[in-house]
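A look at the structure
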Amino acid sequence: MRLGAVEAGGTKFVCAIGNEHGDIFERISFPTTTPTETLEQVINFLQGKNLDAIGIGSFGPIDVNMKSDTYGYVMNTPKLAWKNYDVLGHMKEHFSVPIAFDTDVNAAALGEATWGAAKGLDSCIYMTVGTGIGVGAIVEGKLLHGMSHPEMGHILLKPHHTDSFKGVCPYHGNCLEGMASGPAIEKRWNQKGAQLQTNEEVWELEAYYLAQALMNYVLILAPKKLIIGGGVMKQAQLFPLVSRQLTGLLQGYVSENQYFYGDLSTYIVPPALGDNAGVCGALALAKESLVQG
């Protein structure tokens with residue numbers, strides 16, 4: 001198979017050509033500008049590559065309901081130029097092959113389940129912590145959808161008793177994204193996270209909020225693996241802090257088992273695909289579109 005992949009991020013797009021094994025032969029990235037300008041670059045890269053299918057993992061919110069009149073649209077996004085824009089329709093004007101469309105984090109979850117840290121498992125969570133926070137999930141071997149796609153980056157949190165910060169999310173204030181995203185760290189501490197690496201207080205608080213969210217995901221979805229990527233998680237010291245905080249919050253309520261035990265270092269992990277999780281996930285979406293016919 002020759003597959004096209006599009007990781008459509010709010011800051012940049014990454015496009016690649018690969019195969020059904022997750023091998024990437026060629027890739028390109030460029031800043032996200034207007035839909036017309038950005039998708040023109042996508043189309044120019046993918047055209048003439050003899051593709052069998054294309055997968056798109058997009059920033060959201062998006063419409064993933066195939067029966068909806070706005071299936072394939074970016075919906076109520078703060079990126080106003082993209083609001084209510086028909087991304088899938090635009091792509092279908094230029095390509096006659098199957099095109100799969102889902103969220104960037106659902107794509108990354110599928111990529112990690114196909115070739116990465118959750119390979120061989122029928123459930124996992126993929127969370128990215130960066131400019132925003134998004135979460136994708138695989139449950140019983142399928143990407144999680146309902147009336148829409150999950151928006152687990154916007155669950156409400158209980159503020160730490162020492163934290164008076166009100167959050168940066170314009171919709172919810174002290175939701176996960178509002179309290180623990182990269183912009184939240186920068187606004188709370190008046191410095192970017194990369195400049196705060198040695199400040200233990202910063203990362204203990206960050207771990208507390210991430211662990212709160214993970215506690216909810218564990219109790220609701222019972223995933224067999226928690227995979228966390230994104231720019232903030234480049235602070236490797238966060239992983240043991242998050243594991244310890246999650247253990248403390250759960251208070252032994254979740255019984256140890258073959259997936260969830262000990263210090264949780266094999267349960268809460270970075271993406272095995274690294275920075276390719278999203279684009280490999282888009283390849284996996286393309287592959288799945290062919291397998292499902």
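Since this is a predicted model, take the numbers as computed values, not measurements.

What follows covers the environment of Ala277. Assignment of secondary structure puts Ala277 in helix α8 (residues 277-291). Using a relative accessible area of 1% as the deciding quantity, one classes Ala277 as buried. Sequence separation between Ala277 and Ala107 is 170 residues, and the spatial gap between their C-alpha atoms is 8.1 Å. What Ala277 contacts, discounting residues up to four positions off in sequence, is Ala107, Ala108, Glu112, Tyr126 and Pro271.

Attention shifts here to the packing of aromatic side chains. For the coordinates displayed, the defined rule picks out 7 aromatic pairs. Here the aromatic rings of Trp82 and Tyr85 are separated by 6.1 Å at their centres, their planes lie at 70°, and the arrangement is edge-to-face. Given the relative accessible area of 1%, Trp82 is considered buried. Members of the aromatic cluster, each reached through a chain of ring pairs, are Phe13, Phe30, Phe59, Trp82 and Tyr85. The ring of Phe45 is capped by Lys49, whose NZ or CZ atom sits 4.1 Å from the centre of that ring.

Extensive coverage of strand β9 (residues 133-139) is indicated by the burial of 6 of its 7 residues. The sheet contact formed by strand β8 (residues 124-129) and β9 spans 6 bridges and is antiparallel. Within the sheet, the bridge partner assigned to Thr128 lies in β9 and is Gly134. The hairpin turn running from β8 into β9, its antiparallel successor, is 3 residues long. Strand direction decides the pairing type here: β9 and strand β10 (residues 142-143), joined by 2 bridges, are antiparallel. Looking at the pairing, Ile138 lines up with Leu143 of β10.

Another point: the domain arrangement of the protein chain. Assigned domains of the protein chain: these are domain 1 (2-104 + 275-292) and domain 2 (117-270). With 10 residues of domain 1 at the interface, the matching set in domain 2 holds 9 residues. Of the roughly 740 Å² buried at the junction of domain 1 and domain 2 (both faces included), carbon and sulfur atoms supply 50%. For the domain 1 face of the interface with domain 2, the top three residues by lost area are Val64, Asp102 and Thr103, together amounting to 38%. At the junction of domain 1 and domain 2, the tally comes to 1 salt bridge. Of the charged contacts in the structure, one is a salt bridge between Asp275 and Lys234, with a shortest N-O distance of 2.9 Å. Linking domain 1 with domain 2 are 3 residue pairs in polar contact (both at pLDDT 80 or more), by the criterion used here.

This part is about the nonpolar core. Counting residues in each nonpolar core, the largest one holds 41 residues, and the members touching the most others are Met127, Leu176, Leu214, Tyr217 and Ile268. Breaking this core down by element, the ones donating at least two residues are β8, β9, α4 (176-180), α5 (182-189), α6 (200-221), β11 (226-229) and α7 (238-250). In terms of residue count, the dominant contributor to this core is α6 (12 residues). Ignoring sequence-local partners within four residues, the contact set of Met127 consists of Ile133, Gly134, Val135, Leu176, Leu210, Leu214, Tyr217, Ile227, Ile228 and Gly229. Within the second largest apolar cluster, 29 residues are counted, among which are Leu3, Val14, Ala118 and Ile138.

Rules and cut-offs
Residues numbered from 1 in each chain as written. Predicted model: local features only at pLDDT ≥ 70, side-chain atom pairs only at ≥ 80, totals over all residues. Heavy atoms only, no water. Helix = DSSP H or I, 4+ residues; strand = E, 2+ residues; numbered from the N terminus. Buried < 20%, exposed > 50% of the residue type's maximum accessible area, 1.4 Å probe, protein only. Contact = heavy atoms within 4.5 Å. Phe/Tyr/Trp six-rings, centres within 6.5 Å; stacked < 30°, edge-to-face > 60°. Lys NZ or Arg CZ within 6 Å of the ring centre and 35° of its normal. Pairing = 2+ DSSP bridges. Domains from an automatic or database assignment. Buried area = accessible area lost by both parts, 1.4 Å probe. Salt bridge = Lys/Arg side-chain N within 4 Å of Asp/Glu carboxyl O. Polar contact = N/O pair within 3.5 Å; in protein donor to acceptor, adjacent residues only side chain to side chain. Core = buried A, V, L, I, M, F, W, Y, C linked by side-chain atoms within 4.5 Å.

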